[in-house]
Amino acid sequence: MAQGYWIVTYRSVSNPDALAAYANLAGPAIAEAGGRYLARGMPSHVYEAGLEQRTVVIEFGSVDQARAAYESSAYRAAAALLAGSAERDIRIVEEAS
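All values derive from a computational prediction rather than experimental measurement. Within each chain, residue numbers correspond to sequence positions counted from 1 in written order. Where local features are concerned, this predicted model is filtered to residues with pLDDT of at least 70; where side-chain atom pairs are given and counted, the filter is 80 or more; whole-chain, interface and lining totals use all residues. By convention in this description, side-chain values take in all heavy atoms of the structure and omit both hydrogens and water.

**Student:** Looking at this structure, I do not really get the overall build of the protein. What am I missing?
**Tutor:** Secondary structure follows DSSP: runs of H or I at least 4 residues long count as helices, runs of E at least 2 residues long count as strands, and numbering of each begins at the N terminus. Within the protein one finds 3 helices and 4 strands. Counting from the amino terminus, helix and strand elements in the protein follow one another as β-α-β-β-α-α-β. Overall, the C-alpha framework of the protein stretches about 35 × 35 × 15 Å when taken along its three principal axes. The burial tally for the protein puts 33% of its 97 residues in the buried class. Buried residues are those whose accessible area, probed at 1.4 Å on protein chains only, stays under 20% of the maximum for their type, while exposed residues exceed 50% and partly exposed ones sit between those limits.

As structure tokens, then:
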């Protein structure tokens, strides 16, 4: 079964304190759901139409596991802390075979 990945970019963060509160809950919720952070932070370099946006990549055992993590009550509680404080793009991508 192919791995699933969350690819997250932050278009804007208007409240860094809300982002910190989110991270305190989201990290354990993601780990509990089987997720593993592969990368997070600002890009080292951007090319072509790339944007200077905080980016996070999280690996899961499958796309179904990645979806279940996003839809879990523990993660939804963490995500609620960002309401009105951050605009994000979250995509779930399957590992290339």
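Past the structure itself, the notes keep going.
**Student:** So what exactly am I meant to see when it comes to the environment of Arg-54 here?
**Tutor:** As for its placement among the helices and strands, Arg-54 is situated in strand β3 (residues 54–60). Separated by 25 residues in sequence, Arg-54 and Ala-29 have C-alpha atoms that sit 20 Å apart. For this analysis, residues touch if any pair of their heavy atoms sits within 4.5 Å. The residues contacting Arg-54, other than those within four sequence positions of it, are Val-8, Thr-9, Tyr-10, Arg-40, Gly-41 and Met-42.

**Student:** It is not clear to me how the sheet that holds strand β4 (residues 86–94) should be interpreted in this structure. Could you clarify?
**Tutor:** The strands that make up a sheet pair up through hydrogen bonds in the backbone, lying either parallel or antiparallel. Spatial ordering of the open sheet is given by β2-β3-β1-β4, a layout of 4 strands whose pairing is antiparallel. At either margin of the open sheet sits one strand with a lone partner, and together these are β2 (36–41) and β4. With strand direction ignored, the average angle separating the axes of adjacent strands in the sheet is 15°. In this analysis, strands are considered paired if DSSP registers two or more bridges between them. Inspection of the sheet shows strand β1 (residues 4–13) paired to β3 by 7 bridges, in the antiparallel sense. Residue Tyr-10 lies in a different strand from β3, and its bridge partner there is Arg-54. Against the sheet, helix α2 (residues 63–71) contacts β1, β3 and β4, and its axis sits at roughly 155° relative to β4. Helix axes use the C-alpha atoms of the stretch in contact, all axes being lines fitted to C-alpha atoms, and the angles between their N-to-C directions lie in the range 0 to 180 degrees.

**Student:** I'm lost on the side chain of Gln-53 in this one. Help?
**Tutor:** With respect to the secondary-structure elements, Gln-53 resides in the loop between β2 and β3. Taking the relative accessible area as the measure of exposure, Gln-53 reaches 14% and is therefore buried. Those residues in contact with Gln-53 that sit more than four places away from it in its chain are Thr-9, Tyr-10, Arg-11, Gly-41, Met-42 and Pro-43.

**Student:** So what exactly am I meant to see when it comes to the pairing of β3 here?
**Tutor:** Counting buried positions over the 7 residues of β3 gives 5, a clear majority of the element. For β2 and β3, the ladder comprises 5 bridges, and the chain directions are antiparallel. Bridge assignment links Tyr-37 to a residue of β3, and that residue is Ile-58.

**Student:** Looking at this model, I keep getting lost on helix α1 (residues 16–32). Mind explaining?
**Tutor:** A helix is expected to span 1.5 Å multiplied by its residue count minus one. In a regular helix each residue adds 1.5 Å, so 17 residues correspond to 24 Å; α1 covers 24 Å between its end C-alpha atoms and thus fits that length. Where α1 bends most, the angle comes to about 25°, and this point is Ala-26, followed within four residues by the proline Pro-28. Among all positions of α1, only Ala-18, Leu-19, Tyr-22, Ala-26, Gly-27, Ala-29 and Ile-30 are buried. If you follow the buried residues of α1, they end up packed against β1, β2, β3, α3 (73–80) and β4. Put simply, Asn-15 is the residue that caps the front of α1, since its side-chain oxygen is 3.0 Å from the backbone nitrogen of Asp-17. Just past α1, the residue Gly-34 takes up positive phi, approximately 95°. At any given residue, the bend is defined as the angle formed between two axes, one fitted to the seven residues that end at that position and one fitted to the seven that begin there. Under the rule applied, a polar contact is a pair of N or O atoms within 3.5 Å (in protein, one hydrogen donor and one hydrogen acceptor; residues adjacent in sequence only if both atoms are side-chain atoms).

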